[in-house]
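For reference, the chains in residue letters:
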Amino acid sequence: MKNRLFGLAVLTAVLLALLSCESAGSGGNSSPEPGPLKFSDAGAGFNGNRQGPSCSTADIDNDGDIDIFFSGYPATALYRNKGNNTFESGGFLEFTNTDYSASVFADVDCDGDFDLIRMGRTGSSSTAYTVVELNNGSGSFTSETAGLTALRQGDIAAGDVNNDGYPDILIQGMDSSGNFMTCLYLNNGDPDDDGWDFFSESTFTFIELARGSVEFGHLNDDDYLDLLITGLDSSSTKQTMIYLNDGDSGDDGWDDTFSELPGHPLPGMYNCESAIVDIDNDQDNDIILAGDTGQGECLIFTNDGNAGFTDGQTLTGVSAAFLVTGDPDDDGDPDLIVGGWYGQDGYTARTFFYRNNEGTFEEEENIELTDMQDGAGSFFDSDNDGDLDLAICGGSGATAYGFLYLNGRF
């Protein structure tokens, strides 16, 4: 599955997840004369991950360099960025391995460093696993269940849904018994000034899904985050649901209620990924969906500013899909990577790079990325040179890949 953080859509997710919390940022000096967009393999020596992998990026040790977390088969690892595009793993933290996984960085306890929330399957059994890896301040972590239900084969996102300054968690998937679940966990903050008080589940009942995606994002013209949830229900029906946040209707505090958006054109989808991002720079967020509707598809839906969605561009369809959004060419609009199973046989792995040209995606055939399916990735500035590089992992058959692609513009 996916990651969020750093990049355009990914940076938006950081801001939503951290809000008033102090962010551990990265930076760098930009070149006055950028060259054409191109990516080259840095030879970073990552182990490679497939089978429901995740990829998340953040500066976990506040040293000014962005670090990388990968999960999936065969190994889960955090790679610490040592500068000069060199990374080290192991020695400072051993993670429980998970596949069929998802992860996101967010400062859940608002202490000024990035924590890691992750989910997945442990071992080869059906055991589900969800933890918060609390950052101790120097890049070491303590594992806490933190009130979260253990889930696998789903997705996870962070965002401040009630505008209290603490990031909340949206998660879907299957528990160890195979029950489908979708849960919103509200961050309890530190009400007694004696330390972070974990999460409590929202009282609102959402559709129970797995094998899909979850997103926070502003979809209408209010100040509250809305929810996008896709996947299979327990009767194997493909679903895509938009829940609009009701906010504070009575001026007496957040309502903890949502209104399902009726009549939207988004199809039901699973083995999929989604993104909420402003594709056309009209100051409202659009939606990208890629995955299985009965066939592989990649679809764009444009927003009128008040959660009125219209069919937009159709890109090359894939199933077992992954998306990565960001602005590596620094032209002010989000570009797109789409990967997955492609073609009539359904078993050819492909990775496509689409450049955004004033709201229309155009395939950039001169950018060569390794073909893979069921992957995950993140745009981020690995070398602090002012442009976005790419961490990506995934599989093709039994082969697991993990790459750092350096942006050659600067």
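See the structure printed just above.
Report on the accompanying structure. Starting afresh in each chain, residues are numbered from 1 along the sequence in its written order. Local features in a predicted model are, by the rule used here, given only for residues with pLDDT of at least 70; side-chain atom pairs are given and counted only at 80 or more, and totals for whole chains, interfaces and linings are based on all residues. Just so you know, side-chain values use all the structure's heavy atoms and leave hydrogens and water out.

Any two side chains of opposite charge can pair, on the condition that their charged atoms come close. By definition, a salt bridge exists where a carboxyl oxygen of Asp or Glu is found within 4 Å of a side-chain nitrogen of Lys or Arg. Considering all chains together, one arrives at seven salt bridges under this definition. Across the salt bridge formed by Arg121 and Asp99, the nearest N and O atoms sit 2.9 Å from each other. One end of the pair, Arg121, is in strand 7 (residues 115-121); the other, Asp99, is in strand 6 (residues 99-106), with 22 residues separating them in the sequence. Residues Arg121 and Asp99 agree in their burial class; the two are buried. The salt bridge involving Asp329 is made with Arg355; its shortest N-O contact spans 2.8 Å. With Asp329 in the loop between strand 22 (319-326) and strand 23 (335-342) and Arg355 in strand 24 (residues 348-357), this residue pair connects regions lying 26 residues apart in the sequence. Within this structure, Asp329, Arg355 and Glu364 form a network of salt bridges that share partners. Each helix is a run of DSSP H or I of at least 4 residues and each strand a run of E of at least 2, with the numbering of both proceeding from the N terminus. Relative accessibility thresholds used throughout: buried, under 20% of the residue-type maximum; exposed, over 50%; partly exposed, between the two (1.4 Å probe, protein chains only).

The subject of this paragraph is the environment of Glu362. By the secondary structure assignment, Glu362 is in strand 25 (residues 360-363). Between the C-alpha atoms of Glu362 and Leu315, which are 47 residues apart in sequence, the distance is 9.0 Å. Whether two residues are in contact is decided by their heavy atoms: any pair within 4.5 Å suffices. Excluding its chain neighbours within four sequence positions, the residues that come into contact with Glu362 are Phe353, Tyr354, Arg355 and Asn357. Looking at Glu362, its side chain comes within polar contact range of the side chain of Asn357, at 3.1 Å. Two N or O atoms form a polar contact when they lie within 3.5 Å of each other; inside protein one atom must be a possible hydrogen donor and the other a possible acceptor, and for residues adjacent in sequence the pair counts only when both atoms belong to side chains.

Quick look at the sheet that holds strand 4 (residues 77-81) now. The sheet built from four strands is open, its strands ordered 2-3-4-5 with antiparallel pairing. Each end of this open sheet is capped by a strand with a single partner; those strands are strand 2 (50-58) and strand 5 (87-89). Each neighbouring strand pair of the sheet contributes to a mean axis angle of 20°, computed without reference to strand direction. A pair of strands is labelled paired if DSSP reports no fewer than 2 bridges between them. Every axis in this analysis is a line fitted to C-alpha atoms, fitted for helices over the stretch in contact. Angles between the N-to-C directions lie between 0 and 180 degrees.

Another point: the packing of aromatic side chains. Here is the rule: rings of Phe, Tyr and Trp (six-membered ring for Trp) pair when centre to centre is within 6.5 Å. Planes less than 30 degrees apart are stacked, more than 60 are edge-to-face, and the remainder are tilted. All told, the structure shown has 22 aromatic pairs when counted by the stated rule. A ring pair is formed by Trp196 and Phe199, whose centres lie 5.2 Å apart and whose planes are at 85°; its orientation type is edge-to-face. The exposure class assigned to Phe199 is buried, which follows from its relative accessible area of 6%. Consider the rings of Phe204 and Phe206, whose centres lie 4.8 Å apart with planes at 65°: the pair is edge-to-face. A residue is classified by how much of its surface remains accessible, and Phe204, at 21% relative accessible area, is partly exposed. For Phe206, a relative accessible area of 4% corresponds to the buried category. Here the aromatic residues Phe204, Phe206, Tyr243, Trp254 and Phe258 are joined through ring pairs into a cluster of three or more. Whether a charge sits over a ring depends on NZ of Lys or CZ of Arg being within 6 Å of the ring centre and within 35 degrees of the ring normal. Over the aromatic face of Tyr342 sits the side chain of Arg350, whose NZ or CZ is 5.4 Å from the ring centroid.

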